[in-house]
Amino acid sequence: MGDYRFQVNLGGMIEILSDHLYSSPDVYIRELLQNGVDAITGREIWERNTKEEVPQIPGTIMLEIEEGSRLVFSDNGQGLTEEEIHQFLAIIGESSKRNPKDGRIRTDYIGRFGIGLLSCFMVSDEIRMRTKSCKGNTPVLEWQGKPDGTYTISRLDQTSLGEGDMAFGTQVILTAKPGKEDYFTEKIIRQLLTYYGMLLPFPIILRIRGEEEQINPIYLPWEGRETNKQELMLFGQMMFQEQFLDCVLLRSEQGNVSGVAYIVKYPVLPSAKGSHRIYLKNMLLTEKGDNLIPEWAVFTKCIINATDLRPTASREGFYVDEILEEARDTIEDTLIEYIADMAEENKELFDTFFRIHRLTLMSLALATPKLFRILVDYCEFETTRGTQSGYDLRTCGEPLIYAPTAAKYKQLSQLFFARDKLLINVSYVYSLELVRRLGEVYDLEVCMVDEWSVDDLMQDLTPDDQEESYAFQKAANRILKAYDCRAELKYFSPYNQPTFYLMDEKILLKRQIEASRSQADPMFFRMLDAFTSEIPTDTAAVLYFNYNNPLVKKLAAVERESDLKILVEILYVQALQIGGFALHNNELGTLNRNILTLMERGLSDE
């Protein structure tokens, strides 16, 4: 069998780049910048290692916009010889950044895959490149490549590249293909240079109609000198076009990662995706912090530069490996330490921070054991003693009794409040999980109110009062039976509350089914009836009559049951309304009918 070589269809390769690898054609600017920076880096490496006397010329990148949607991209990097052109531009996947001894990509370079220049075919039907190597007395070469995979190389007469009298380096000349002219406008070019190249370590010059403007400041404000927080805040404001509450430096030796996390001044949903600036060797990589910034840190916008993390082929993310995971852990620990220090040392700032990002921080307290003890003390809960903090709850010295739903809390809160008993409404987001975790961490008794006997908030009647009210209780039970309810007499506070209605979950479900049945289409009756049949028939709600209440004592003395029925039914419906329960049509009608009857009797007596 013979040996054969793979053939690469360049047109198909370009389609893969545009449709599957790169997210947008505008990445061609990123790839040109990347190649320019790597070329300058390559020249600096060669100058350090060569024995020749060479002038030390600072690296510069220039982009000129010409009429007719034409773009000239120039760098004074190492340039290419004719042999290198054949090797690196004609072989897909070959890269000039590889170490010739072991074939590995040098860590000094941004690019890795040898396909960056092909991205220019996404916006231009031809790539024209002029290049002159810095290595010895080499000619100026012009390479012209087309999407069909053909290319030509010719020697030019001049000894320099001409633009700004560049003695060596590379120029890439592009003309917009139909439909891609927008990517060559001054507005878009300026935006893309700023977006991708703001932190590059070499000057990026934009030339338009002979006027030159430097785009980037060519330094990182958090490296190489004493950091000034005010300067960092101004830098973040410039980068994100918004003001921030505070900022914190981020550093990780693993991956050689550094940067700043900015704290936003507005609430962000815990499920929100962050908008960051993640750079690789000072070149923008992505706005997504996936795998590097903790998912819970949605209240941050980060500017991060990494030197030793590995990019994916699209250069729009990092490979997940051990180094990346260690860098992420370091960033997470830094943010946790920052929050802990802020809570201890800057109460005013922390109060503002917690007020803005309350929901996110409650979620963070549950997800991060290291922060639970700090954050839970600031979490707030609705209780029968007003708004209580986590600190108030864990130091109150009482069992933490909670109502699982808003309706249950509303129903029971009056009884608990009257007896100065603590009841917590955990129907809000994260409240139940926080209360339970509070009990686990601080070894507190935590239980749902259904497990707590409501009878403990009431007192049994004395034997004399039991005898006196016996007839009334029997009559009330007969009246309330039609409503799946039974009557009990107790003493409870407040004394001016005549009744208290208590319904368990089964009765509540039955009422909801009955309400649905009254409005449902007949075809659904059987299904709803089937649900109702599964509820035990011996379950019943309880209407407690407060024998401390003067009205109830008078009611107990009423002998005629027809009169008693009117008054008991009114109190029953009123108790439902006070407890926040929805009324069925028959109950509302009963209330209206009984009120009208009492009004008629009152007018007749006059």
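Residues numbered from 1 in each chain as written. Predicted model: local features only at pLDDT ≥ 70, side-chain atom pairs only at ≥ 80, totals over all residues. Heavy atoms only, no water.

1. Observations concerning the overall build of the protein chain
Threshold: Numbered from the N terminus, helices here are DSSP runs of H or I no shorter than four residues, and strands are runs of E no shorter than two. Exposed residues in this analysis have more than 50% of their type's maximum accessible area, buried residues have under 20%, and partly exposed residues fall in between, with area computed by a 1.4 Å probe over protein chains only. Here, two residues are considered to be in contact whenever any of their heavy atoms come within 4.5 Å of each other. To be clear on the numbers: accessible area is Shrake-Rupley with a 1.4 Å probe, and residue cover counts the displayed protein chains and nothing else.
A count of helices and strands for the protein chain gives 18 helices and 21 strands. Out of the 606 residues in the protein chain, the part that is buried amounts to 47%. Taking the contacts inside the protein chain whose residues are at least 6 apart along the sequence as the reference set, 67% of them involve residues at least 24 apart. Just so you have it, the protein chain exposes about 31100 Å², and 49% of that area is on carbon and sulfur atoms.

2. Concerning the nonpolar core
Rules: Among buried residues, the Ala, Val, Leu, Ile, Met, Phe, Trp, Tyr and Cys ones that are joined through side-chain atoms within 4.5 Å form a nonpolar core.
With 57 residues, the main nonpolar core has Tyr28 and Leu33 as its most contacted residues. Top contributing element to this core by residue count: helix α2 (residues 27-49), with seven residues. In this view, leucine 33 contacts Ile61, Phe73, Leu193, Tyr196, Gly197, Leu200, Ile204 and Met283; residues no more than four positions away in its chain are not counted. Residues Ile263, Cys302, Ile339 and Leu393 belong to the second largest nonpolar core, which totals 53 residues.

3. Quick look at the sheet that holds strand β7 (residues 204-208)
Condition: For two strands to be treated as a pair, DSSP must find no fewer than two bridges joining them. Throughout, an axis means a line fitted to C-alpha atoms (over the contacting stretch in the case of helices), and angles, computed between N-to-C directions, take values from 0 to 180 degrees.
Read from one edge to the other, the open sheet built from eight strands follows the order β5-β4-β3-β6-β2-β1-β7-β8, with strand pairing classed as mixed. In this open sheet, the two strands that pair with only one neighbour each are β5 (151-156) and β8 (211-214). Pairs of neighbouring strands in the sheet enclose a mean axial angle of 20 degrees, with direction left out of account. Where strand β3 (residues 124-132) meets strand β6 (residues 169-176), seven bridges bridge the pair, whose relative direction is antiparallel. Bridged to lysine 132 within β6 is glycine 169. Contacting β1 (61-66), β2 (70-75), β7 and β8, helix α4 (residues 186-197) runs over the sheet at an angle of about 175 degrees to β7.

4. Description of helix α8 (residues 358-367)
Residues of α8 that are buried: Thr360, Leu361, Met362, Leu364, Ala365 and Leu366. Where α8 is buried, its residues touch α6 (322-345), α7 (347-356), α9 (369-376) and α12 (431-442).

5. Thoughts on empty space enclosed by the protein
Our working definition: Cavity: a set of points on a 1 Å grid over the protein atoms alone where a 1.4 Å probe fits but cannot get out. Pocket: an open set with protein on both sides within 12 Å along at least five of seven lines, its lining residues, like those of a cavity, having an atom within 4 Å of a point. Grid points are joined across faces, edges and corners, and a volume is the space filled by probe spheres set on the points.
All told, the structure shown has one cavity of 30 Å³ or more when counted by the stated rule. For the largest cavity, the calculated volume is near 50 Å³. Along the walls of the largest cavity sit Gln411, Gln414, Gln497, Thr499, Phe500, Tyr501, Ala575, Ile578 and Gly579, which together make up its complete lining. Those elements that place two or more of their residues in the lining of the largest cavity are α11 (406-418), β20 (499-502) and α17 (561-578). For the lining of the largest cavity, the element with the highest residue contribution is β20, accounting for three residues.

6. Thoughts on the side chain of aspartate 321
Counted only if it meets this: Counted charges follow a simple rule, with Lys and Arg positive, Asp and Glu negative, and His plus the chain ends left uncounted. One side-chain nitrogen of Lys or Arg within 4 Å of one carboxyl oxygen of Asp or Glu is enough to make a salt bridge. In protein, a polar contact means a hydrogen-donor-capable atom and an acceptor-capable atom, both N or O and within 3.5 Å, with residues adjacent in sequence counting only if both atoms are side-chain atoms; elsewhere, any N or O pair within 3.5 Å suffices.
For aspartate 321, the location among the structural elements is in the loop between β13 (300-306) and α6. With no salt bridge to any partner, buried aspartate 321 finds its closest opposite charge in arginine 310, at an N-O distance of 4.2 Å. Only 3.3 Å separates the side chain of aspartate 321 from the backbone nitrogen of isoleucine 323, close enough to count as a polar contact. For aspartate 321, the side chain forms a polar contact with the main-chain nitrogen of leucine 324, separated by 2.9 Å.

7. Focus: unusual backbone geometry
The step from serine 493 to proline 494 runs through a cis peptide bond, and the omega angle for that step is 0 degrees. Residue placement: proline 494 occurs in the loop between β19 (485-490) and β20. A positive phi angle is found at arginine 209, which is not glycine, with a value near 50 degrees. Among the secondary structure elements, arginine 209 is positioned in the loop between β7 and β8. Residue arginine 209 is classed as exposed on the basis of its relative accessible area of 71%.

8. Some points on the packing of aromatic side chains
The condition is simple: Pairing of aromatic rings covers Phe, Tyr and the six-membered ring of Trp, with a centre-to-centre limit of 6.5 Å; geometry is then stacked below 30 degrees between planes, edge-to-face above 60, and tilted otherwise. Only Lys NZ and Arg CZ are tested; either one counts as a charge over a ring when it is within 6 Å of the ring centre and within 35 degrees of the ring normal.
Considering all chains together, one arrives at 16 aromatic pairs under this definition. Geometrically, the ring pair formed by phenylalanine 350 and tyrosine 378 is edge-to-face, given 4.4 Å between the ring centres and 65 degrees between the ring planes. Taken together, the positions of phenylalanine 350 in helix α7 and tyrosine 378 in the loop between α9 and β14 (380-383) put the pair 28 residues apart, joining distant regions of the chain. In this structure, arginine 310 is placed above the aromatic ring of tyrosine 319, and the distance from its NZ or CZ to the ring centre is 4.5 Å. For the cation-ring pair, arginine 437 lies above phenylalanine 372, with the distance from its terminal atom to the ring centre recorded as 5.8 Å.

9. What about α9?
So the rule is basically this: Working definition: the arc comes from the directions between the helix axis and the C-beta atoms, pointing outward to the latter.
Listed as buried for α9 are Leu371, Phe372, Leu375 and Val376. Projected onto a plane normal to the axis of α9, the buried residues spread over an arc of 125 degrees and lie on a single side. Each element contacted by the buried residues of α9 is listed here: α6, α7, α8, α10 (390-394) and α12.

10. Re the pairing of strand β15 (residues 386-389)
Of the strand pairs in this sheet, β14 and β15 are connected by four bridges, and their pairing is antiparallel. By the bridge assignment, phenylalanine 381 is partnered in β15 with glutamine 388. Turn length for the β14-β15 hairpin, with the two strands adjacent in sequence and antiparallel, is two residues.

11. Structural notes on the environment of glutamate 468
The topology assignment puts glutamate 468 in helix α13 (residues 463-480). Classification of glutamate 468 by relative accessible area gives exposed; the value is 52%. In sequence terms glutamate 468 and alanine 557 are 89 residues apart; their C-alpha atoms lie 8.6 Å from each other.

12. Some remarks on the side chain of aspartate 377
Within the secondary structure, aspartate 377 is located in the loop between α9 and β14. Of note is the side chain of aspartate 377, whose polar atom sits 2.8 Å from the side chain of arginine 394. Setting aside residues no more than four positions away along its own chain, aspartate 377 makes contact with Ser389, Gly390, Tyr391 and Arg394.

13. Some words on the sheet that holds β13
Strand order in the open sheet formed by five strands is β9-β10-β13-β11-β12, with mixed pairing between adjacent strands. The two strands at the open ends of the sheet, each matched to only one other strand, are β9 (246-252) and β12 (283-286). Direction aside, the axes of adjacent strands within the sheet are offset by 25 degrees on average. In this sheet, strand β10 (residues 257-263) lies alongside β9 in antiparallel orientation, the contact comprising seven bridges.

14. Quick look at the environment of leucine 434
Inspection of the secondary structure puts leucine 434 in helix α12. Separated by 72 residues in the primary sequence, leucine 434 and methionine 362 have C-alpha atoms spaced 7.8 Å apart. Sequence-distant contacts of leucine 434, that is, excluding residues within four places in its chain, are made with Met362, Ala365, Leu366, Phe372, Val376, Cys379 and Phe381.

15. Side note on the confidence of the model for the protein chain
This is how it is decided: Scored from 0 to 100, pLDDT records how confident the predictor is in each individual residue.
Of all residues in the protein chain, 82% have pLDDT values of 70 or greater, and the mean over the chain is 82. Within the protein chain, helix α15 (residues 525-533) has the poorest average pLDDT of any element, 49, and strand β17 (residues 424-425) the best, 96. Counting contacts from residues 93-114, a segment whose pLDDT is below 50, to residues more than four positions away or on other chains yields 54 contacts.

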